Amino acid sequence: STMSGQSGATTVLKLPRELLVEVISVAASVYDIARLDCACSSFREVIEDALRLRATRAGTIAVTELPPSAVSWTQQLCFDELRRASSYRGRH
């Protein structure tokens, strides 16, 4: 808890959304992003945006319709990123 009595998550959530998306998209591995999603439900939409930004930067288009087997957008986008990384390693 900070001196003002606010939790760290509450303080971080006061940052501009675009900044949070950018920081998460470049600073974290897909595994770290998944952990963050599990630890803090307040970040779900920001995390989804960060994963979509990562997909765009990787030159792919994130799926727009959640498959029936997916639990959440975050899970699906993390899975897609891991699949792309595995496919890339297999070709090189």
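Structure: above.
Below is a summary of the structure that appears in this document. Fair warning: this is a prediction, and the values are worked out from it, not measured in the lab. (Residues numbered from 1 in each chain as written. Predicted model: local features only at pLDDT ≥ 70, side-chain atom pairs only at ≥ 80, totals over all residues. Heavy atoms only, no water.)

**Examining the pattern of salt bridges**
Applying the stated rule across the entire model yields 8 salt bridges. In this structure, arginine 17 and aspartate 49 form a salt bridge, with 2.5 Å as the shortest nitrogen-oxygen distance. Separated by 32 residues along the polypeptide, arginine 17 in helix α2 (residues 17-27) and aspartate 49 in helix α4 (residues 44-57) bring together distant segments of the chain. For arginine 17, a relative accessible area of 34% translates into the label partly exposed. Judged by its relative accessible area of 30%, aspartate 49 falls in the partly exposed class. Notably, a salt bridge pairs arginine 52 with glutamate 48, separated by 3.3 Å at the nearest N-O pair. Placement of the pair is arginine 52 and glutamate 48 together in helix α4, with a separation of 4 residues, close to one helical turn. Owing to a relative accessible area of 22%, arginine 52 belongs among the partly exposed residues under this scheme. Taken together, the shared-partner salt bridges in this structure form one network comprising Arg17, Glu45 and Asp49. (Salt bridge = Lys/Arg side-chain N within 4 Å of Asp/Glu carboxyl O. Helix = DSSP H or I, 4+ residues; strand = E, 2+ residues; numbered from the N terminus. Buried < 20%, exposed > 50% of the residue type's maximum accessible area, 1.4 Å probe, protein only.)

**Examining the nonpolar core**
With 15 residues, the main nonpolar core has Ile24, Ile33, Phe43, Val46, Ile47 and Leu51 as its most contacted residues. Mapped by element, the contributors of at least two residues to this core are α2, α3 (30-39), α4 and α5 (73-91). In terms of residue count, α4 provides more of this core than any other element does, 4 residues in total. (Core = buried A, V, L, I, M, F, W, Y, C linked by side-chain atoms within 4.5 Å.)

**Some remarks on the packing of aromatic side chains**
Across all of its chains, the model carries 0 aromatic pairs by this definition. Here the guanidinium or amino end of arginine 52 rests over the ring plane of tryptophan 73, the centre of that ring lying 4.6 Å away. (Phe/Tyr/Trp six-rings, centres within 6.5 Å; stacked < 30°, edge-to-face > 60°. Lys NZ or Arg CZ within 6 Å of the ring centre and 35° of its normal.)

**Considerations on α2**
Of the positions making up α2, those classed as buried are Leu20, Val21, Ile24 and Ser25. End-on view of α2: buried residues confined to an arc of 125°, all on one side of the axis. Opposite its buried face, α2 presents the exposed residues Glu18, Val26 and Ala27, each directed more than 90 degrees away. (Arc of directions from axis to C-beta.)

**Considerations on α4**
Look at α4: 20 Å from first C-alpha to last across 14 residues, which is about the 20 Å you get at 1.5 Å a residue. When α4 is considered as a whole, its buried residues turn out to be Val46, Ile47, Ala50, Leu51, Arg54 and Ala55. Phi turns positive, to about 85°, at glycine 59, one or two residues after α4. (Expected span 1.5 Å × (residues − 1).)

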